[in-house]
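# Remarks on the overall topology
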Amino acid sequence: MQELHDAPLAPLTTFRLGGPAARLLTSTTDAEVVAAVREADDSGTPLLVIGGGSNLVIGDKGFDGTALRIATKGFALVGTALELAAGEVWTDAVARTVEAGLAGIECLAGIPGSAGATPIQNVGAYGQEVASTITEVVAYDRYTRETVTIPNDECAFSYRHSRFKAEPDRFVVLRVRFELEDAGGLSAPLKYPETARAMGVEQGERVPAAAARETVLRLRAGKGMVLDPEDHDTWSAGSFFTNPILDATQYAAFLARAKDRLGPEVTPPAFPADGGHTKTSAAWLIDRAGFTKGYGTGPARISTKHTLALTNRGGATTEDLLALAREVVAGVQDVFGVTLVNEPVTVGVSL
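Residues numbered from 1 in each chain as written. Predicted model: local features only at pLDDT ≥ 70, side-chain atom pairs only at ≥ 80, totals over all residues. Heavy atoms only, no water.

### A word on the UniProt feature "domain: FAD-binding PCMH-type" (unreviewed entry) in the protein chain
Rule in force here: UniProt positions are given in the numbering used here, feature names are shortened, and annotations may be inferred rather than shown by experiment. Helix and strand labels come from DSSP, where a helix needs a run of H or I of at least four residues and a strand needs a run of E of at least two; each type is numbered from the N terminus.
What UniProt calls "domain: FAD-binding PCMH-type" (unreviewed entry) maps, in this numbering, to residues 17-183. With 19% helix and 38% strand, residues 17-183 has end C-alpha atoms that lie 42 Å from one another.

### Notes on the sheet that holds strand β7 (residues 81-85)
Backbone hydrogen bonds hold the strands of a sheet together, and the pairing may be parallel or antiparallel. Formally: Pairs of strands are assigned from DSSP output, requiring at least two bridges between the strands. In this analysis an axis means a line fitted to C-alpha atoms, helices contributing only their contacting stretch, and an angle means the value between N-to-C directions, from 0 to 180 degrees. Only heavy atoms enter the contact rule, under which two residues are in contact if any of them lie within 4.5 Å.
Across the sheet, which stays open at both edges, the five strands sit in the order β6-β7-β13-β11-β12 with antiparallel pairing between neighbours. Strands at the two margins of the open sheet, each flanked by one partner only, are β6 (75-78) and β12 (146-151). Recorded for the sheet is a direction-independent mean angle of 15° between the axes of neighbouring strands. The pairing of strand β11 (residues 134-141) with strand β13 (residues 171-179) spans seven bridges and is classified as antiparallel. When the bridges of β13 are listed, D141 appears paired with F171. Sitting on the sheet, helix α1 (residues 30-43) is in contact with β11, β12 and β13, with an inclination near 150° to β13.

### Re the pairing of β12
Alignment of β11 against β12, held across six bridges, turns out to be antiparallel. Among the inter-strand pairings, E136 is bridged to a residue of β12, identified as P151. Count of turn residues in the β11/β12 antiparallel hairpin: four residues, of which R145 carries a positive phi of about 60°.

### Observations regarding the packing of helix α7 (residues 248-262) against helix α9 (residues 318-336)
Which entries qualify depends on this criterion: For classification purposes, angles smaller than 35 degrees are called roughly parallel, those larger than 145 roughly antiparallel, those between 65 and 115 roughly perpendicular, and all remaining angles oblique. Each residue gets one label: Ala, Val, Leu, Ile, Met, Phe, Trp, Tyr, Cys and Pro are nonpolar, Asp, Glu, Lys and Arg are charged, and the others, such as Gly, are polar.
Where α7 meets α9, the closest approach of the two axes is 8 Å, and the angle between their N-to-C directions is 90°. Comparing the axis directions of α7 and α9 gives the class roughly perpendicular. Counting all contacts with α7, which are made through F254, R257, A258, R261 and L262, the residues of α9 involved are Q333, D334, V335 and F336. Of the residues contributing to the contact of α7 with α9, the split by class is five nonpolar, one polar and three charged.

### Observations regarding the side chain of T278
To be explicit about the condition: A simple rule labels every residue: compare its accessible area, found with a 1.4 Å probe on the protein chains alone, to the largest value its type can have, and call it buried under 20%, exposed over 50%, or partly exposed in between.
Here T278 lies in strand β17 (residues 278-279). Looking at T278, the relative accessible area reads 14%, which means it is buried. In contact with T278, not counting residues within four places along its chain, are P244, I245, L246, Y251, A270, F271 and A273.

### A short note on the UniProt feature "active site" (unreviewed entry) in the protein chain
UniProt records the feature "active site" (unreviewed entry) at R160, S239 and E343, using the numbering of this structure. A stretch of 184 residues holds the annotated residues, and the largest C-alpha distance among them is 11.4 Å, short enough that they meet in one place. Overall, the relative accessible area of 15% leaves R160 in the buried class. Here E343 is to be found in the loop between α9 and β20 (345-347). By relative accessible area, E343 is classed as buried at 14%. Residue contacts for E343: discarding those within four places in its chain leaves N55, Q121, R160, K165, S239, F240, F241 and T242.

### Here's the deal with helix α2 (residues 90-99)
Residues W90, A93, V94, A95, T97 and V98 constitute the buried set of α2. Those residues of α2 hidden inside the fold are in contact with β6, β7, β8 (102-103), α3 (118-121), β13 and α6 (209-222). G101 occupies a position one or two residues after α2 and carries a positive phi of about 80°.

### A word on unusual backbone geometry
Across the chain, the bulk of peptide bonds are trans and the bulk of non-glycine residues have phi less than zero. The phi dihedral of Y126 is positive, around 50°, even though this residue is not glycine. Position of Y126 relative to the elements: it lies in the loop between β9 (124-125) and β10 (128-129).

### Side note on the environment of P20
Within the secondary structure, P20 sits in strand β2 (residues 20-27). Counting along the chain gives 45 residues from P20 to G65, while the straight-line C-alpha distance between them is 9.9 Å.

### Description of α9
Our working rule: By this rule the span expected of a helix is its residue count minus one, scaled by 1.5 Å.
Compared with an ideal rise of 1.5 Å per residue, which puts 19 residues at 27 Å, α9 spans 27 Å between its outermost C-alpha atoms and is within 8% of the ideal. Looking only at α9, the buried set comprises T318, L321, L322, L324, A325, V328, V329, G331, V332, V335 and F336. As for α9, its buried residues are in contact with β4 (56-58), α7, α8 (282-288), β18 (300-302) and β19 (310-312).

The following block contains the structure:
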């Protein structure tokens, strides 16, 4: 297990922001991960677990504790059953399942980060989310000090949320197991209107899984959502805010403010959510509140390709990023009365 001191963390994140860790461990086996976590817990040392770093906002002062980078490898595909080690690169794993002719995660192509992070956020995009295919999550339970296998129905998956996110100091994901579908090389039925339109088919139709993956990659790249070291629009955490989910009273108030601000003919995006709630578009809110693509004058700005991504244009600090995020949150609240919630995990800082 590699050990470094006063180790830079910014290069381990897609934002390329944040100060150093007092100590950085890199674990390549499950046993090393468990040993490192136990050591930190036994000594009372603060612990920061890092996978692909695509969902982290680390403060400029860094992390005064042990940062544990999970770099485990393991891709096992038996029939339609897939098991991934937590450190596997997610987008590479998606590509391999599509090459094997299987469906279920093809529309999650291009999402940066590691496999172990996917159940924490219940990663989703373009009509798919991992909750639909995950069967079990193998994790180290820091409370009981044992490795446990948690079935899907005990993961408490919901929109960009899970039991693992709700209890961030309890579980360290080691492996994730999925059940995919053999549809003869075809995708799962396309649920997302933009994907279906781009492929010239109707929602609910199946297409070749490889074509679905390529279409999603193209759509994501057009929004700066596929990592490219030369493109500062991808120096981000992808979508910085989750789409707001409003109850009936909140939604009615939002509609009234939207019509008052934009005119009675304007209808904001609306999608049914659980419990009779309504989900609306954070990107739409940001744009209509005046924060358009490329907004900002400093080294942290809104992406020139997508209003939902906040980016480091080079030379930014975490405080630069947070100042922009706070400005956007305050602006949307002022105009529409809706409070945006950040999707990335913050370390040593908050909005």
